[in-house]
Structures are given as structure tokens and as C-alpha cells.
Amino acid sequence: MALAVNTVWVVLAGALVFFMEGGFALLEAGLVQTKNALSIVMKVMADVTVGSIVYALLGFGLMFGLSRAGLFGTTGYFLGPLRTGPLTVSEPVFWFFEMAFAVAAVSIVSGAVSERMRFPAYLLYVVVGILAYSVSGHWVWGPGGWLAGLGMRDFAGSAVVHAFGGFSALAAAAVLGARLGRFEPGTEFLPSNLPLAFTGTFILWFGWFGFNAGSTLSAFAPDIGQIVANTMLSAAAAGLVAVLWSRWRFDAYDPTMAINGVLAGLVAITAGCAYVPVWAGGLIGVAAGVLVVESTGWLEAWGIDDPVGAFPVHGANGLLGTVAVGLFATQGGLFMGDGPHLLGVQLLGAAAVAVWGFGVTYVAFAVLRALGILRVSADEERVGLDWALHGRHAYHHPGPAAAERARPASAGHTLV
Amino acid sequence: MALAVNTVWVVLAGALVFFMEGGFALLEAGLVQTKNALSIVMKVMADVTVGSIVYALLGFGLMFGLSRAGLFGTTGYFLGPLRTGPLTVSEPVFWFFEMAFAVAAVSIVSGAVSERMRFPAYLLYVVVGILAYSVSGHWVWGPGGWLAGLGMRDFAGSAVVHAFGGFSALAAAAVLGARLGRFEPGTEFLPSNLPLAFTGTFILWFGWFGFNAGSTLSAFAPDIGQIVANTMLSAAAAGLVAVLWSRWRFDAYDPTMAINGVLAGLVAITAGCAYVPVWAGGLIGVAAGVLVVESTGWLEAWGIDDPVGAFPVHGANGLLGTVAVGLFATQGGLFMGDGPHLLGVQLLGAAAVAVWGFGVTYVAFAVLRALGILRVSADEERVGLDWALHGRHAYHHPGPAAAERARPASAGHTLV
Amino acid sequence: MALAVNTVWVVLAGALVFFMEGGFALLEAGLVQTKNALSIVMKVMADVTVGSIVYALLGFGLMFGLSRAGLFGTTGYFLGPLRTGPLTVSEPVFWFFEMAFAVAAVSIVSGAVSERMRFPAYLLYVVVGILAYSVSGHWVWGPGGWLAGLGMRDFAGSAVVHAFGGFSALAAAAVLGARLGRFEPGTEFLPSNLPLAFTGTFILWFGWFGFNAGSTLSAFAPDIGQIVANTMLSAAAAGLVAVLWSRWRFDAYDPTMAINGVLAGLVAITAGCAYVPVWAGGLIGVAAGVLVVESTGWLEAWGIDDPVGAFPVHGANGLLGTVAVGLFATQGGLFMGDGPHLLGVQLLGAAAVAVWGFGVTYVAFAVLRALGILRVSADEERVGLDWALHGRHAYHHPGPAAAERARPASAGHTLV
């Protein structure tokens, strides 16, 4: 009976997390230029298709198999048995839930490389990204992982998923280089479809309730209410603060900051949603809302071109969320009177995961660049990746004026 | 064990209701003009962000706390304990579910004020709207509410959520005034993106199964089947009838009536989904389909500009649904042979909630108008709120023709 | 208690399957020309509204009522009692879940008839389609159905839903005839909005977890993990293979093949998701990815115009999936050493359902054609069905250039 209830819970939560890929696709398609809207969706689709297969073959075992010295797992490859002790659900259900997390982690990178990376190179990256994610995931969540052994606490993955993905995105964008003309005065890179980006944001927020609350892996966890309240209120506070902060800094209630603010609040509460009280969840959201606006500016200063803000949302706020557990956790938090030990562990763990993600991705992208298969040609970039790589345009809207001009005298509403 | 099952049920249903905000955003972005598509999404985002915070701080307590004379709740502020007796789920889970309802109620107003209201004024309205909703919600659903004491039955909120929101929307639109040129001959206000509006409609319908069935707050309720069947068939009947009715009245199978018909059927069955037999649910849907088309015309006659039809969908059909319980409820319905008592109570309750919503909103908007911060300038309205308030356009589609013209001779599909 | 858990499972899975209609609508709106994007959404809406009502009145009884000679059901009309023995959930909950399947089956046809079929004729078709679906559904899933009696195994409907729908679509497209100019050189039919089509695809994939895993009708089924892993990996393999195959065949990583590849993988695993091991699920996906690209070419050769690929996705891969059970089922599969018996039954069953779907639809469409109410006029087809039948255009985007030109000197970001 308990198994049945947990199965319902984890399968439906896993489906919600899977659906976040649809959210990533729309968010990124909406934020890039129209001529590259399809190519970014194709890359998110590659995250899902290649990523889920690699995670079935190797990633799941590397992450959750019996540990070799706390560094990586050694059982459970090819969906074989993990042999690590009883779970709250069957192993394939657990795989399904965790697969959606692995795919989300590499999807973060797709946004940072948009508008200029070749498609086959991206397929190769996904293989590397899933394997690297699974290794550092083992450190924190695996049975016997070395960071878990130190006492690191990352409930649903501010570090494991988001700091990993966000720092991978930073390395990828750094090696790829900026889009042509990105740092020249007078050029504009206009988002193709902001209502589509908001659609993606609402889907991501919806899926995040599966992401955070489902990470209990059990319907019997007493803290599910705390988790959903923290998830809701951190995102709300961050979304509101980012909009108001953007108004103060840039003279407009900026829609892209509404989007990235909400996402930053979700990222930042992901580590602590089960550990911090709700008032602290709200404070974390406020900090996330400021941080996402400010760190978007840092990229500009560093000369790194991250078209959708993958680093500000996932990298900077993944760190924030992981560290915030060391400050606000009801048990162990510095501000709760429990001393700096947990804070130190969280800092070490967040740094380890971020450096690992950055380093592996930097090397992988440098190899792809050295092979000459990383970046499209300048001509292809100008015409757009949709047409150059995929032979299609995203939109074919001749426009109502044209349609009305073409209206024949005989046309009317059909009567039958 | 029962707690775990109920938690799964209510959390997932609550996530569905939350996702309805994505539906509202897309529906309204699709129905307004392109130059205001972003500004309406920003207002829905404000419903969520400001609304959830206000409902955590005060609304939840006002609605479900220990009652002061049946008028408002006095415990449970700041997510403190309600002290009102045992629930089927934990208090934070209950808060999450009810928060999504409160946010939905004020979101109804966002559509009616679209294309002409300032953003900061809307933020202030959301605070007032959430508090007013929580008070009238207490009357019907709170422990000891005065309408509950009279025997009013509103299962999932045709009155509490929809009549409140729809009459608030009517008052808001009346005080704001019509869009420039709206009642002048020859001007057209063309919906920016009807496929997007249909996307929103399907999301709303999907979420409504959480809205209605989740309102059992218990997976053990024997009437869940009746609720989902009623919800499905009322919406289907209303959507079909509204399209056919629009064909008969206006000579076209009108897509906006397909949208508003479905939504009207959902609104109208919300009060009675657990109380009326399925054949009556279908009849209620038929009536809703006619009513939504006809009441759209009434607005025109009254000279009130409600750009997305918030009043016809939520106001008129919220009343219809509340009153229909007095006619068709298996226990107590007039047409079921149980006399007019319940019908009288439903009429009184629907009127009380509608008048309260209308009145509070009218006063709030009149104050904002008197302060001179309610409405954008005529210049801003002409250029569009997206650019004037948010510094962005919703869409940047240079169009395939432009992209094809720019295609260099060397471009082709990349081979590797 | 078990009833409560199953109710949560089946209601939420049913809501997911219902949401697939939103996916169909967006997928098809995105793949057809802009001037017909609304008309196809209206037809999907008709699938839902007319289809759910007909399935309540007659379809459910025909499919799951007490059997007359294994051919059709005789109880349960008008949502009356089925009298067929105990279910894992209440009858209205079971109706809700199965209703969403019936609606999905006829929705497959909407894509194949897009851009040229009248609206009232489509309403009539939906009635016929739902009834025909319910009869052949009875053969396989009904109590005492003749194909069930032979031992046919179709877990979630590769034959019952998809082969039925796909072959119905083939017949419909054959009788309707091609769009004007479709097989003339130099004409192009450009997809209106591919990001919207991808949105639909992600919604369909999300809903499919409800479709396949929910078909256990019980949260206690031990194979839920196997089902979700098979569903995920078949779709992933098919999506990846279809893209790579399209690159090899057509020189571009084709986005429409990413879409139809994923859907083909989902269709093909639907029959066997609970019966075949996960490695076989992956292989079935690989085959589906090749088949969907190749069978798209067959349509061209046959001179049949199926604008969105309903037959390649649902027809060809519905057959593939049904037959694959005869090859790979752990119990009974030819390749598992259990001989050809099951394979023969699956071939017979798939053929029977496909021929039935094709035949009934062919006759229904031939009658509509003979009555002169099937197809719009050539003038209406040229101007587009959105304007001709529904009096609306899908999109009204004047474009940012126009908006910027209109920007008055006084406009700026509003300060309060």
C-alpha cells in the first residue's frame, strides 16, 4: 500500500519534472532571435532524447550505484539493479524521476550556447554533460558520496542540478565566444516571442512543484507542506523583487526580469525548501531577485555572452541557495544559532560542484573547438541556425493584411 | 496513511490550480492587441507574486481563521496556526491549495483592465483584491461564516471565486473607462494571437480538474467521479452550444466563443459539480453556452469595455452556477422537489458576494483614479503598454521573407 | 483505502490524457498554414466537446458494456451502470479516463483533414468516429470482446486508439482529396508556427505518461516503473533516430521529424509498454524513428495529402507497436522463444482494427461528399478557413517596426 502511494506520487512528480523540458524549450525559443528559435528547441529536444538514453545506460549507475571511494557509482548501469538497499519506490520509477533531473541539468547549457553552436557538437556535449552531472551528483546524493559524508545538504539540487548546470553554461559560453556583434555598440538582439517565454516560465514553475516536493520520494514525508509553501513564496518574492529592482535600475518593469526573477527564486529555494522556515524562504527569494538582476550585469562586464541568462539564474542562484542552507537551516544554520560548520560544508560543496561543472564543460568545449566542429560559420550565424542547420523557419506568418487583400469577392462565412 | 494519500491529492491538485495562472496569462495575451500582450502577462504575474505573498501574510487567516461574528477570520495570519480543528491535510498544504484559488480570483480582473491600466496601480489593487476575496470567502467557506450558517452551498467557488472576480472585473472596467475609440464606429481591436488564447484555454480546463475535484480536499470523497464527469460535460456542452449560438447570431463559428463558452461551462458547474446529477451538469453547460454569448452583448449595451469577456465568463456564469445549485441539487434543489429554500439562500449568497466584490473594487479603483495613478496617458495607450511600461515588444518576427533575402550564397545545411 | 489511491491515480492520469487535446491543438495549428491555424484548433475543440458528449451518451456503453457476441456493449448507455463486475475505480472515474482516450482517437483525424474540410461536416464525423472507435475498442478491451478472447494484447492502445485513428485519417484524407496545388511543382505549404508545434509535442509527451501508466487503472500494478521507462526511452530513441535519419535522407536535421519521431515512438510503445523489456522498448523506438520518416514518403507516392503526418505517426506506428508485442513480449513474444501464436493474433487484431477504422471513415466521408457538404469551396480554401469559416485570423501582429514608428515623442516608461 505505501509502495502504491509513493509510486503515484513519484511518477506524477516525475512527469511534472519531465514537462519542465517543454518549459525550457519555450522559454529559450522566446528569448532568442526569431531566426534561431527552432534551433534552440532542437537542442532542448536533444537534451531529452540523448540525455535520457545516456542516463539509462550509464548515468543512473554512476550517480546512485554502490560507491567507489565516494567518487562515483559502480552498479546499476544499463538499468541493472543498484544493490544499494531498499528504496521507497521501484528502481525504474526512481530512474524515471532522476532522469528528468539529469536532463534538466544539461538543458541549462542549451540556452547559453544558443544562436551559434552546431547541432552535432551539441549532441556530443549532452553525452559528456550527463556523465559529468552523474558523477558530481553521486558526491552529494549517492550512497556514500564524499560530500554527503561531510554532511552537505542539498534537498532538491540547487548545487547538484543548478550550480552544476549554470557553471557548465558559463564555461560553454566562454569557450564558444560571443555572438557576432554582441558587444558592439548599436546592435540589438531582440527576443523573438516573449509571451512564449512566459508560457515556458509558467510550465517550469508548475513542474518545480514536482521537482521540489517530489524529491521527498515519499508521500509520507511530513514536510511536503513546508516544501510547497517555500517553493511558492521564494519564487513569488524573487519575481516581484526582480521586477521592482529592474524598474529602479533600468527605468522599466522589465518582463525578462519577471521571468528570470521567478526562475532565480525557484533555483535558490531548491536546496533549502525542506530545511528552512517559510519566512527564510521568502528572504531567500528577495535575495535571489536582486542577485539575478545584478549578476546579469556581471556577464556584460566579463564579456561573456549568455543569451538567455543561464548563469545568472542557475549558476549564481544555485550557489546562493546552497549557501543559504548553511545560514537558515532550522537544524545547523548559522543564523539559527548552530555555528558555522554547516555553512562551511555548504560552501565547500557548492564550490566543488561548480568547479567540476565548469571544468569538465570547459575541456569538452575546448576539444570540440579544436576539432573545428563547435561553432557555425559567420554566414550561417547571420542567416540564422534555423535555416542553416534545420532547413526551416520558425514562423510563417504572411500577416492579416496580405490575407485580407487576397480575399475574393465570393468569400464569406460558409453557411453549412 | 490517509494523510499521505490526501497530501498527494491536494498538492497535485493545487499544482494544477496554480498552473491555471499560465492559462490566464496566455488566454489574455492572445485576446488583447499585440501591443499590450506583454503588459497583461505582467499583470497576471503580479497576481501570482503579490497575491500569494498577501494571502500568506493575511488572506489565509482572514478566510479560514476562527470567525469574528461570521464576518472574517482572526487566526492563521502570517501562516500561524488556524486553531479551527483538524484538516484532511497539513495547514501549509491547505494554504497552498487555497492560495491558488485566491490568486485565480484576482486574475479574473486582470483581463478586464487590460490595455489601459498602469502597472503600480495594479500591484496595489492585487493587495486589496486578495483581502476582499478572503473576507467574502470566509462568509461561505470559513468556519462559522454567515452564509455557510444559512446553508449556502458553493462547492468549488462559482460564487466565492468567479462571481467575486467577475463582478470585481465589472466594477474595475466601469471605473477605468473604455479603451480609446472602443465605442467609435470603424475601430477594431484585433486579438493578437488566437492559437495562444486556445493554449491558455486548454491549460485552464486541465487545471480545472484540480480546482473542482481537488476541492474535496480528500481522496476518500465518494463523489470525485461525479465531479469530474460534471466538469467535463458542462464545459463540453457550453463550448459546443456557444459556437453554434454564435453561428446563429453572428454568421460565423466564432473561435472566441468556443473559448469563452468552454470557460463559462466550467465556471457554471463549479458550485454544483458535487451536488447535481450529470444530466443537470449538461443542462447547466447548455445554459452557460447561451448566457456567455448573450451577456457579451449586454456589456456593449451598457457601454462597458471588458476586453477579454471577464464579466460574461466569470460574473454572469458565476451567478448562474450558484443559483443552479438551488434548482438541481440532489438534496435541496427546487426541481428535485425540495422546495425553494435552498434557491433563496443561493440567490442571497450569490448577490452578497457579487455586491461585495463590485463594491470594494469600485471604491478601490475610484481612489486610484482620484490619485491620478490609475490609467496610462493617451499617448502611452496609443503606443501600447508593452513599450510604454515595460520597454519591450511582445514579438520580434522579422518574417521569413526578410530572412530569405538575407540568405548568403554560401549558406546551406551544415554537414557536420 | 485502495479505492482512494486508485481514484487519485486514475483521475490525475485522466486529466493528463485530457490535456493531450491541448497538445493536438497546438501541434496541428503549428504545422498547418497560418490561414488555417484557427480552423484546426476549432476542429480539435469539436473532438473534445462533441466527442465527450457522444461518449457519455453511447460510446462508453458500446465499449465497456455487457457484450453482444463479442461485437459491442449493451449496457452503460447514458452513463447508466455497466453491470460488468467490479472495477478498481468508480464508473464515472473510469468513464472520465476512457473518454479522454476516445477523444484522442478521433483527434488524430483532425490533422489529416486540415485546411480543406467544412466545420459542420466535421461535427458529424466526430459522432461517427466516436461510435466506431467504441465498437472496435470493445473487441480488444471490452468484457468478452472477440479479439480479447483470441488473446490480443494492446496495453494502452497502439491498435485501439492509434491504428484506428491513423487509418481513419488515411481514409478521410483519401476521400477529401489533396489541398489545391499540393502535388504541383513549385507550391509550398509552410508550417505556420513550429515553436507552437513543439509546445504541443511536449504536452503530448507529458500526457502520454498518464495515457500509458494510467492504463494500469491501479496504483498497485507492479509494472508502472517498466511502463514509464519504456515510454520515455522509446520516444527518446525514436525522436533521435528520426532526426538523424532525416539528416541522412534530406540533408537537414528536420524539426518536423523531431516532432513526429517522438510521437511515433510514443505510439509504437503504447501497446507493449507493460509487456516488453526496456531494451526492447528502445529497439521499438529505433524502428519507429525510421518508419515515421519513410512512411511520410509513402504518402507522397500514394498521392495522399495528410498535412500533419497523422498516418505515418499513428497509423504506421500503431501497427508497428501492436505487432511488436508479438515479437518482444516477455511472455508470448516470438523473439522470446514463445513461438508465433501471439504474433499471429496481434497481426490479425491490428488488421481488424485498422480495416474497421479505414472502412467506416471511408463510408462516412463518401456520404458527406455525396451530400456536397464535405469540402470548402476553392475560393474559401484560397483565402483560408480561418477567415472563411470563423471570421477571424489567427494572428494580428502589426510588427514592432510599425509600433516603433508610432511612438510619440512624449512616450517613455511610466514612472509611477
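Everything below is about the structure shown above.
Residues numbered from 1 in each chain as written. Chains lettered and ligands numbered in written order. Predicted model: local features only at pLDDT ≥ 70, side-chain atom pairs only at ≥ 80, totals over all residues. Heavy atoms only, no water.

A.B. asks: Please clarify how the relation of the copies chain C and chain A should be interpreted in this entry.
C.D. replies: Superposing the two chain copies requires a rotation about an axis and a translation along that axis. Its rotation angle being 120°, the transformation that places chain C on chain A also includes 0.0 Å of axial translation and leaves an RMSD of 0.0 Å. Taken together, the rotation and translation relating the two chain copies correspond to the operation of a three-fold axis. Taking C-alpha positions as reference, the residue of chain C nearest the rotation axis is V5 of chain C, located at 3.8 Å. (Least-squares fit on C-alpha atoms with pLDDT ≥ 70 in both.)

A.B. asks: Just checking my understanding: could you explain empty space enclosed by the protein for this structure?
C.D. replies: By rolling a water-sized probe across the atoms, one finds the places where empty space is left. With the rule as written, the count across this model stands at 9 cavities of 30 Å³ or more. Within this model, the largest cavity holds a volume of roughly 130 Å³. L12, A15, L16 and F206 of chain A, L12, A15, L16 and F206 of chain B together with L12, A15, L16 and F206 of chain C are the residues that line the largest cavity. Its residues assigned to classes, the lining of the largest cavity comprises 12 nonpolar, no polar and no charged. (1 Å grid on protein atoms, 1.4 Å probe; cavity = no way out; pocket = protein on both sides within 12 Å on 5 of 7 lines; lining within 4 Å. Points joined across faces, edges and corners; volume = space filled by probe spheres on them. Nonpolar A, V, L, I, M, F, W, Y, C, P; charged D, E, K, R; others polar.)

A.B. asks: How do you make sense of the interface of chain C and chain A when you look at a structure like this?
C.D. replies: Note on interface size: it is often stated as the accessible area lost on association of the parts. Between chain C and chain A, the residue contacts involve 64 residues of the former and 64 residues of the latter. A combined buried area of about 5300 Å² lies between chain C and chain A, and 78% of that area is made up of carbon and sulfur atoms. When the buried area of chain C at its contact with chain A is split by residue, F202, F206 and Y253 of chain C rank highest and sum to 13% of it. For the pair chain C and chain A, the interface holds 1 salt bridge. A salt bridge links R392 of chain A to D254 of chain C, with the nearest nitrogen and oxygen atoms 3.7 Å apart. On the surface where chain C and chain A come into contact, there are 6 residue pairs in polar contact (both at pLDDT 80 or more). Listing elements by their share of the side of chain C that touches chain A, those giving two or more residues are helix 1 (2-31), helix 7 (194-213), helix 8 (224-250), helix 9 (255-270), helix 13 (378-383) and helix 14 (385-390) of chain C. Of the residues forming the side of chain C that touches chain A, the biggest block, 13 residues, is contributed by helix 8 of chain C. (Contact = heavy atoms within 4.5 Å. Buried area = accessible area lost by both parts, 1.4 Å probe. Salt bridge = Lys/Arg side-chain N within 4 Å of Asp/Glu carboxyl O. Polar contact = N/O pair within 3.5 Å; in protein donor to acceptor, adjacent residues only side chain to side chain. Helix = DSSP H or I, 4+ residues; strand = E, 2+ residues; numbered from the N terminus.)

A.B. asks: Would you mind going over the packing of helix 1 of chain C against helix 7 of chain C with me for this structure?
C.D. replies: Think of two packed helices as two axes; the pair is described by the angle between the axes and how far apart they sit. Residues and elements named next belong to chain C. Interaxial distance between helix 1 and helix 7 falls to 7 Å at its minimum, and their mutual angle equals 155°. By the criterion of interaxial angle, the relationship of helix 1 to helix 7 is roughly antiparallel. Read as a crossing pair, helix 1 and helix 7 show a hand that is left-handed. Per-class residue counts for the contact of helix 1 with helix 7 are 20 nonpolar, 8 polar and no charged. (Axes fitted to C-alpha atoms, helices over the stretch in contact; angles between N-to-C directions. Parallel < 35°, antiparallel > 145°, perpendicular 65-115°, else oblique. Left-handed = near helix turned anticlockwise from the far one by under 90°.)

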